[in-house]
Amino acid sequence: MPDPIPVRVTLRWETGDETVDTVALEWTPRLVRVRVSDLRVMTGAVWVPAEDVRRR
């Protein structure tokens, strides 16, 4: 597995969008799995569309 890459991601919650600095753990051409420290995410990471992720 590659090393995590620092990224800025837009998380799209039901209550609105949130931009956070985090790391990308895995990726495909269309999706990126990013670490999320939020009680709404029990797994500690989520897959998001690649267009919502930018390298820092």
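Residues numbered from 1 in each chain as written. Predicted model: local features only at pLDDT ≥ 70, side-chain atom pairs only at ≥ 80, totals over all residues. Heavy atoms only, no water.

**Student:** Would you mind going over the overall build of the chain with me for this structure?
**Tutor:** Check the secondary structure of the chain and you find zero helices and five strands. Each helix and strand of the chain, placed in order from N terminus to C terminus, yields the pattern β-β-β-β-β. Taking 2.2 N^0.38 as the reference for a compact globule, 56 residues should give roughly 10 Å; the C-alpha atoms of the chain span a radius of gyration of 11 Å, in line with that estimate. Among the 56 residues that make up the chain, the fraction classed as buried is 32%. Partitioning the intrachain contacts of the chain with sequence separation of at least 6 by distance along the chain shows that 31% fall at a separation of at least 24. Total accessible area computed for the chain in this model is approximately 4200 Å², and 52% of it derives from carbon and sulfur atoms. Separation of charge centres in the chain, based on 9 positive and 9 negative side chains, amounts to 5 Å. (Helix = DSSP H or I, 4+ residues; strand = E, 2+ residues; numbered from the N terminus. Rg over C-alpha atoms; globule rule 2.2 N^0.38 Å. Buried < 20%, exposed > 50% of the residue type's maximum accessible area, 1.4 Å probe, protein only. Contact = heavy atoms within 4.5 Å. Areas by Shrake-Rupley, 256 points an atom, 1.4 Å probe, with all protein chains shown as cover. Lys, Arg positive; Asp, Glu negative; His and termini not counted. Charge placed at Lys NZ, Arg CZ, Asp CG, Glu CD.)

**Student:** Help me out: how do you make sense of the packing of aromatic side chains in this one?
**Tutor:** Aromatic ring pairs are reported here in terms of the distance separating the ring centres and the angle at which the planes meet. Inspection of every chain in the model, using the stated rule, returns zero aromatic pairs. When the ring centre of Trp13 is taken as reference, the NZ or CZ atom of Arg40 above it lies at 3.7 Å. (Phe/Tyr/Trp six-rings, centres within 6.5 Å; stacked < 30°, edge-to-face > 60°. Lys NZ or Arg CZ within 6 Å of the ring centre and 35° of its normal.)

**Student:** Just to check I follow, could you spell out the nonpolar core for this structure?
**Tutor:** The nonpolar side chains of a soluble globular protein tend to be buried with one another. Judged by nonpolar contacts, Ile5, Val7, Val9, Leu11, Trp13, Ala24, Val32, Val34, Val36, Val41, Val48 and Val53 together constitute the single largest core of twelve residues. Residue assignment for this core shows that the elements contributing at least two residues are strand S1 (5-13) and strand S3 (31-35). Counting residues per element, this core draws most heavily on S1, which supplies five residues. (Core = buried A, V, L, I, M, F, W, Y, C linked by side-chain atoms within 4.5 Å.)

Nothing here speaks to function; it is geometry throughout.
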